[in-house]
Amino acid sequence: MAELMTISKISDGLRGEVAIPGDKSISHRSVMLSGLGSTPVRITNFLHAQDCLSTVACLRALGAKIEFQSETELTVTGNGFHGLREPGTIIDAGNSGTTLRLMMGLLSAQPFFSAFTGDASLHRRPMGRVAKPLSQMGAQIYGREGNTKLPLAVVPVEGGLKGISYQSPVASAQVKSALLLAGMYADGPTTVTEPFVSRDHTERMLAAFGVPVERAGTAVTINPVKAEDYKAPEAIEVPGDISSAAYWLAAGAILPGSKLLLRNVGINETRTGILEVLQNMGAKLELRNERVSGGEAAADICVEAGPLHGTTFGAEIMPRLIDEIPIIAVAALLAEGDTVITGAGELRVKETDRLAAIEQEFNKLAPGAVEASEDGLVIHGGRTLKKARCFTYDDHRIAMSLAILGAAGEGVELENPGCVNISYPAFYGELERLRKA
Ligand code: S3P
């Protein structure tokens, strides 16, 4: 029988402060890059959630020493830039596309065999987008459906990888990062050009390890790295994840009577599309205490409820808010007027087909409010919400978005709510705390 959780209506808004948990993308990268160093790196505000723990298990299997001092503090000590060792068993990336795609890039360049698996969702997701350019670099990758789906295996190549110039058809930080990691070990420069710039955490963190990445427009180039130039920093402080803050930004903006202060939110400009969209919808947001932490911009954000109106946005801003579409759709449903989202076809290949999931489940709470197209959504705002039982598709971002939408209406029953452990284990507890505050 499916696990069920009831989220009840929130009548008086949300109030108080939220410490935003560590950024998922940056947490993954902190462990991977530290695992290639030869000196200990102390990582703080690490995201202790399933996806990042998949990366920890992976680097341990490759020989890195990883010790947790607390849930969010760990020390990673690698065996040097050429010190990864052949894993004794299959690498399990769980639900994490970032773990799998980045590790495929890194391990394509190593002189040993590795094999990958993951959960049912990851088995359905397209890996040809990294396997294809890596193969052009000379990597030997084998897998299901013409080497594009899990299970996948990487076989060492004699003579190593070649640097290439690759024009990616998708704006994807996972594709870009996989090629940059492989490119460190190639025989010449590797350039990746994207249609629009995706999140640049890999580039920023590589710089902190003494590896420069050149940027020109939407292109990035990495040169082969000499082991002696790869220098791990002593410490990495992970800023809070704006993709997790997004649920409180939207909830604070739409639930009448709300006022929230979100502490330590990463505001790297390749991630802040949600702030622009919510502001365009009329949301009252205020950035305070702007600072730089661990090479990444961060701030505290205050949000207060007020009337919102519909908006329109498309492909250009998409990489800067790709994971926030489900919660933006919640805000749009509670706004006056229509919201039209285009250029969002990538959502069909996330942890689940998020366009289909949003259409299917949101319409259970607000019949006829959402229409999905091949690459977007039309959301008719201002509808009355009713209570319903909704399916999370085992997708953390769908689950959290449905919880906020239900709380804004008459409540919701969530089937399989536990998937929030992928990125935000404390989510439901925080929702209850803030409503009582
Ligand atoms: C991520 C990149 C994005 C994002 C994912 C995390 C990353 O995926 O959706 O949640 O850490 O590089 P794509 O690169 O596939 O767009």
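Structure: above.
Quick summary incoming for the structure in this document.

Attention shifts here to the pattern of salt bridges. One pass over the structure, following the stated rule, counts 28 salt bridges. Two residues, Glu194 and Lys176, come together in a salt bridge whose shortest N-O distance is 3.4 Å. Remark: Lys176 occurs in helix 7 (residues 173-183) and Glu194 occurs in the loop between strand 11 (190-193) and helix 8 (201-208); sequence separation between them is 18 residues. Taking relative accessible area as the criterion, Glu194 reaches 4% and is therefore assigned buried. Lys176 gets classed as buried once you look at its relative accessible area, which sits at 2%. Put simply, Arg125, Arg199, Asp323, Glu351, Arg354 and Asp395 are held in one network by salt bridges that share partners.

Here the focus is the site of the ligand. Close contacts around the ligand come from Ser25, Arg29, Thr98, Arg101, Ser172, Ala173, Gln174, Arg199, Ile322, Asp323 and Lys350, and that covers them all. Within the side chain of Ser25, one N or O atom sits 2.7 Å away from an oxygen atom of the ligand. When the free accessible area of the ligand is taken as 380 Å², the share hidden by the protein chains comes to 95%. One can see that the ligand is located within the largest pocket. Counting only elements with at least two residues in the shell around the ligand, the list comes to helix 1 (24-34), helix 3 (97-108) and helix 7. In terms of residue class, the shell around the ligand is made up of two nonpolar, four polar and five charged.

For the coordinates displayed, the defined rule picks out 10 aromatic pairs. For the pair Phe81 and Tyr185, a centre-to-centre distance of 4.4 Å together with 5 degrees between the ring planes defines the contact as stacked. In this pair, Phe81 is assigned in the loop between strand 5 (73-77) and strand 6 (91-92) and Tyr185 in the loop between helix 7 and strand 11, connecting sequence segments 104 residues apart. By the burial criterion, Phe81 is buried, and Tyr185 matches it. The interplanar angle of 20 degrees and the centroid separation of 5.1 Å between the aromatic rings of Trp248 and Phe427 together place this pair among those described as stacked. Of this pair, Trp248 sits in helix 9 (residues 242-254) while Phe427 sits in helix 14 (residues 427-436), placing them 179 residues apart in sequence. Across this residue pair, the class does not change: Trp248 and Phe427 are buried. Site record: aromatic cluster; members linked through ring pairs are Tyr247, Trp248, Tyr424, Phe427 and Tyr428.

Scoring rules and cut-offs
Residues numbered from 1 in each chain as written. Predicted model: local features only at pLDDT ≥ 70, side-chain atom pairs only at ≥ 80, totals over all residues. Heavy atoms only, no water. Salt bridge = Lys/Arg side-chain N within 4 Å of Asp/Glu carboxyl O. Helix = DSSP H or I, 4+ residues; strand = E, 2+ residues; numbered from the N terminus. Buried < 20%, exposed > 50% of the residue type's maximum accessible area, 1.4 Å probe, protein only. Near = heavy atom within 4 Å. Polar contact = N/O pair within 3.5 Å; in protein donor to acceptor, adjacent residues only side chain to side chain. Areas by Shrake-Rupley, 256 points an atom, 1.4 Å probe, with all protein chains shown as cover. 1 Å grid on protein atoms, 1.4 Å probe; cavity = no way out; pocket = protein on both sides within 12 Å on 5 of 7 lines; lining within 4 Å. Sits in = over half its atoms within 2 Å of the grid points. Nonpolar A, V, L, I, M, F, W, Y, C, P; charged D, E, K, R; others polar. Phe/Tyr/Trp six-rings, centres within 6.5 Å; stacked < 30°, edge-to-face > 60°.

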